[in-house]
Amino acid sequence: MMETDAQLRAVFERTRKIAVVGASMNPARPSHYVSQFLAQKGFTIIPVNPGHAGETLFGETVRASLADCPDDVDMVDIFRRSEHVPPVVDEALEHLPNLSTIWMQIGVRHAEAAEKARARGVDVVQDRCPKIEYPRLFG
């Protein structure tokens, strides 16, 4: 399913807190600069990376897993390879009661995981980058 501009705009407008799975401490990594961009646009970024749990990134404590994230996370941005998406989606659906969007980065798609999330009423964006879509939609 292709997301329309109106659907993408609605995702950004309702989203406040984003858990970034695969967040990197390295400024050269896409997960770092995309997260930094979103933080600069006013979103709260909750970095998720078990290798850096307890450290601080973008003013927030890095979490080991989605299970360790605050209940009010409403979007999960996945910086993992497609084959690693299903357990991330399962964990998000289980532990994030206010989840409204699963976002998979450019090159990341998983039809079954996306369908599972949609069946639970969660919107899914695949193979796109919020750092590209946000400025395109909002100028």
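Residues numbered from 1 in each chain as written. Predicted model: local features only at pLDDT ≥ 70, side-chain atom pairs only at ≥ 80, totals over all residues. Heavy atoms only, no water.

**Q** I keep staring at helix 4 (residues 111-119) and nothing clicks. Help me out?
**A** Those residues of helix 4 that fall on the buried side of the exposure criterion are Ala-113, Ala-114 and Ala-117. Along the axis of helix 4, the buried positions cluster into a sector of 100 degrees, meaning they face one direction only. In helix 4, the exposed positions that point more than 90 degrees away from the buried face belong to Ala-111, Glu-112 and Ala-119. Note on helix 4: the residue one or two positions beyond its end, Gly-121, has a positive phi of about 85 degrees. (Buried < 20%, exposed > 50% of the residue type's maximum accessible area, 1.4 Å probe, protein only. Helix = DSSP H or I, 4+ residues; strand = E, 2+ residues; numbered from the N terminus. Arc of directions from axis to C-beta.)

**Q** Got a minute to help me understand the sheet that holds strand 7 (residues 123-125) in this structure?
**A** In a beta sheet, neighbouring strands are held together by backbone hydrogen bonds and run either parallel or antiparallel to one another. Strands sit in the order 2-1-5-6-7 across an open sheet of 5 strands; the sheet is parallel. At either end of the open sheet lies a strand with only one pairing partner, and these are strand 2 (44-48) and strand 7. Each adjacent strand pair in this sheet contributes to an overall mean axis angle of 20 degrees, direction not counted. Bridge count between strand 6 (residues 101-104) and strand 7: 3 bridges; the pairing is parallel. Its bridge partner being in strand 7, Ile-102 is matched across the sheet by Val-124. Across the sheet, helix 1 (residues 5-14) touches strand 5 (75-78), strand 6 and strand 7, and the angle it forms with strand 6 is around 115 degrees. (Pairing = 2+ DSSP bridges. Axes fitted to C-alpha atoms, helices over the stretch in contact; angles between N-to-C directions. Contact = heavy atoms within 4.5 Å.)

Just geometry here; none of it tells us what the structure is for.
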